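# Breakdown of the fold
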Amino acid sequence: MSTTATTLAVIVLVLIVIAAVATAIGRRRRSVELRRRFGPEYDRAVAEQSSRRAAERDLRGRAQRHDSLELRDLDPNQRRAYADRWQRTQAHFVEEPEVATREADELVTQVMADRGYPVDDFDTRAEELSVEHAETLVHYREAHEINKVNERGQASTEQLRQALMHYRALFADLLGERPAAGKA
């Protein structure tokens, strides 16, 4: 092999190594960004999918679908009306915890619809929420599971109280506020 051919082979090999390293760095950077954006939902997606790549593809798809939504903030009057409705739901919990928990679920769904989120089914709602509300999505999932137990008439009052607190966390996030710690 001539010196020119050897030099060319080394250059090609170096370029291949550089390209491989750049690709690995790019993937790592995208993974870090997805983990930051989706928080605990990133880990959940990775655990549910067949591979990290599949999970990241799913999360990128969620972000693209989310970006196509026409989301809007609630005006101050809407936020005040929803906050009042939440207070009534919370007060209703004392007398009828099962009904109040269903009301909380419906109220969260109505806020989502008014903000422009699709509300066809729970999985769609959860996927869309995962993009901007990843930190409170775990609350929504927990509340939803308890509400399913409630619908079967098997939830304890303590479970219903927990569900109401979980709904409150997402409700406050959707309204752009933060609930006081431990307050339903």
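For the structure itself, look to the data block above.
The following refers to the structure shown. All residue numbers refer to positions counted from 1 along the written sequence of the respective chain. Thresholds applied to this predicted model are a pLDDT of at least 70 for local features of residues and 80 or more for the giving and counting of side-chain atom pairs; totals over whole chains, interfaces and linings are not thresholded and use all residues. The side-chain numbers reported here are obtained from all heavy atoms of the structure, hydrogens and water having been left aside.

Numbering of helices and strands runs from the N terminus; a helix is a DSSP stretch of H or I covering at least four residues, while a strand is a stretch of E covering at least two. Looking only at helices and strands, the protein chain features 8 helices and 0 strands. Rg of the C-alpha trace for the protein chain: 23 Å, well past the compact-globule value of 16 Å for 184 residues, more than 25% over. Structurally, the protein chain occupies a C-alpha span of about 90 × 35 × 30 Å along its principal axes. Relative accessibility under 20% of the residue-type maximum defines a buried residue, over 50% an exposed one, and the middle range a partly exposed one, all with a 1.4 Å probe and only protein chains included. The burial tally for the protein chain puts 36% of its 184 residues in the buried class. It is over C-alpha atoms that the radius of gyration is taken, and the globule rule equals 2.2 Å times the number of residues to the power 0.38.

Working convention: axes come from line fits to C-alpha atoms, limited for helices to the stretch in contact. Angles between N-to-C directions cover 0 to 180 degrees. Orientation of helix H6 (residues 122-132) relative to helix H7 (residues 134-151), taken along the N-to-C sense of each, is 160°, at an axis distance of 7 Å. In terms of orientation, H6 and H7 fall into the roughly antiparallel class. Counting all contacts with H6, which are made through Phe122, Arg125, Ala126, Leu129, Ser130 and Glu132, the residues of H7 involved are Ala134, Leu137, Tyr140, Arg141 and His144. Amino acids are sorted into nonpolar (Ala, Val, Leu, Ile, Met, Phe, Trp, Tyr, Cys and Pro), charged (Asp, Glu, Lys and Arg) and polar (every other residue, Gly among them). Partitioning the contact of H6 with H7 into residue classes produces 6 nonpolar, 2 polar and 3 charged. Orientation is classified from the angle alone, with under 35 degrees giving roughly parallel, over 145 giving roughly antiparallel, 65 to 115 giving roughly perpendicular, and any other angle giving oblique. Only heavy atoms enter the contact rule, under which two residues are in contact if any of them lie within 4.5 Å.

The patches reported here contain residues having more than 30% relative accessible area and no salt bridge. Joining distances are 9 Å for like charges and 5 Å for nonpolar side chains (Val, Leu, Ile, Met, Phe, Trp, Tyr). To measure how exposed things are, a 1.4 Å probe is used in the Shrake-Rupley method; for residues, cover is taken only from the protein chains shown. Salt bridge, as used here: a side-chain nitrogen of Lys or Arg that lies within 4 Å of a carboxyl oxygen of Asp or Glu. Together, Val10, Ile11, Val14, Leu15 and Ile18 make up a nonpolar patch on the protein surface, roughly 450 Å² of accessible area in all. Positionally, Val14 belongs in helix H1 (residues 3-38). Looking at Val14, the relative accessible area reads 43%, which means it is partly exposed.

Core analysis: the largest hydrophobic core is formed by 28 residues, its most contacted members being Val108, Leu129, Tyr140, Tyr167, Phe171 and Leu174. Every element with two or more residues in this core is listed here: helix H4 (76-95), helix H5 (97-115), H6, H7 and helix H8 (157-175). Here this core gets 8 residues from one element, more than from any other, and that element is H8. Residues contacting Phe171, with those up to four places away along its chain left out, are Tyr82, Ala83, Trp86, Leu107, Val108 and Val111. Ranked by size, the runner-up nonpolar core spans 8 residues in total, among them Leu34, Leu59, Ala63 and Val131. In these notes, a set of buried Ala, Val, Leu, Ile, Met, Phe, Trp, Tyr and Cys residues joined through side-chain atoms within 4.5 Å is what counts as a nonpolar core.

Quick look at the environment of Leu107 now. In this structure, Leu107 sits in helix H5. Separated by 23 residues in the primary sequence, Leu107 and Ser130 have C-alpha atoms spaced 19 Å apart. Among residues more than four places away in sequence, those in contact with Leu107 are Tyr82, Arg85, Trp86, Thr89 and Phe171.

Spatial relationships are all this shows, so hold off on functional conclusions.
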